[in-house]
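What the coordinates show
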Amino acid sequence: MRLSRTEYKEIARWIDRLRPTRQCMRMLKEKFPNHSQSTLLSIFSLEYQKRTKRTISRHHAPDVIEHHYQRYLSESKAQPNAPVLLQLANEVDLSPALMARIILDRFLQERDGETRSKSVLNNMLKDPALIQDSILAQNIYQCTINDCCYGPLVDCIKHAIGQEHEILLCDKLKERNLSFLDENQLRTMGYDKTPDIILEVPIAVEGHIVHWIESKASFGDDHSHRTYLNEQFWSYWNRFGPGLVIYWYGFIEELDCQRDRGILLKDCFPTDIVTLCHATQ
């Protein structure tokens, strides 16, 4: 799905009022019924991460952490079965999963008298059963499952979705009998930074030569696309020639402006493929 920048900004403005809960996606879909749930979730995640980066520093101030922690202790003692931490995160407009990390870290410091390693912290966030305090463990779990942008559950889902779309891309290429090397094969050949697919025989899509294909199971907005261009796409272009990027959940249509320079954007697997007889870089 291609959106104009104006359409994207309208969605982004509405997202700015929402919190990162499962319920927010229902409201977003009701507001924009013509857009797919996956596209809206991807846009929400992008916009909420931008908002979080602008505000996260204030939540990491020592006095703020202590205030959040003491409030959690007080309210969880008074209401041991209530989702205190989740309610607190929503009230102060902080990702529930990030609030869970802050409070767990503070709890471990108090219990152990020292800062625990990131690996210990991450393991406890992934498996709250490892947390000896049962009330805190329950609160951590509630934050994790109710956050649609951050946390170990979201990370697993994003990884699985990314893998699913890479497999889908490979299946589409095989259906067209196109010969290619995937990322794993390229790494065994010694390449350190590669696109998902390199075509052994280049193709033409809409009149543009394509040597490589990158799969992105996300929406392409201005910020993410600019980052990908600088950190990935132009280096692929320098090494392998012109290529194709598939944003499976859509992109801002004005971003598809680098075709003449060798980077083509699509929101699905192309149907008008012409196989070239030899590589032309």
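Residues numbered from 1 in each chain as written. Predicted model: local features only at pLDDT ≥ 70, side-chain atom pairs only at ≥ 80, totals over all residues. Heavy atoms only, no water.

Here's the deal with a negative patch on the surface
Definition in use: Put simply, a patch holds well-exposed residues, over 30% relative accessible area, that have no salt bridge, with like charges counted together within 9 Å and Val, Leu, Ile, Met, Phe, Trp or Tyr side chains within 5 Å. Each accessible area is a Shrake-Rupley result for a 1.4 Å probe, and residues are judged covered by the shown protein chains and nothing else. Salt bridges are identified by distance alone: a Lys or Arg side-chain nitrogen within 4 Å of an Asp or Glu carboxyl oxygen. We treat Lys and Arg as the positive residues and Asp and Glu as the negative residues; His and chain ends play no part in the count. Here the site of a charge means atom NZ of a Lys, CZ of an Arg, CG of an Asp or CD of a Glu. Secondary structure elements follow DSSP: runs of H or I no shorter than four residues count as helices, runs of E no shorter than two count as strands, and numbering proceeds from the N terminus. Exposed residues in this analysis have more than 50% of their type's maximum accessible area, buried residues have under 20%, and partly exposed residues fall in between, with area computed by a 1.4 Å probe over protein chains only.
A cluster of acidic residues, E7, E10, E253 and E254, forms a negative patch at the surface. Mapping E254 onto the fold places it in the loop between strand 6 (251-252) and strand 7 (263-266). Under the relative-accessibility criterion, E254 is labelled partly exposed at 35%.

Brief notes about the side chain of K266
Selection rule: Any pair of N or O atoms that falls within 3.5 Å is considered a polar contact. Within protein, one atom must be able to donate a hydrogen and the other to accept it, and sequence-neighbouring residues count only if both atoms are side-chain atoms. Any two residues whose heavy atoms approach within 4.5 Å at even a single point are treated as in contact.
Considering the arrangement of structural elements, one finds K266 in strand 7. The exposure class of K266 is buried, given its relative accessible area of 11%. Polar side-chain contacts of K266 include one of 2.7 Å to the side chain of E206. Apart from the residues within four sequence positions on either side, K266 is in contact with R2, E206, L244, V245, I246, Y247 and F251.

Looking at the packing of aromatic side chains
As a reminder, the rule being used: Stacked, edge-to-face and tilted are the three classes for Phe, Tyr and Trp ring pairs, Trp counted by its six-membered ring, which pair at centre distances within 6.5 Å; planes under 30 degrees apart are stacked, over 60 edge-to-face, the rest tilted.
Under the criterion given, the structure shown has 10 aromatic pairs. When the centroid spacing of 6.3 Å and the interplanar angle of 90 degrees are considered together, the rings of W14 and F32 count as edge-to-face. Taken together, the positions of W14 in helix 1 (residues 5-15) and F32 in the loop between helix 2 (22-31) and helix 3 (37-59) put the pair 18 residues apart, joining distant regions of the chain. Ring centres of W234 and W237 lie 6.2 Å apart, and the angle between their planes is 85 degrees; on these two criteria the pair is classed as edge-to-face. Within this pair, W234 and its partner W237 are both found in helix 11 (residues 222-240), separated by 3 residues, close to a single helical turn.

Nothing here speaks to function; it is geometry throughout.
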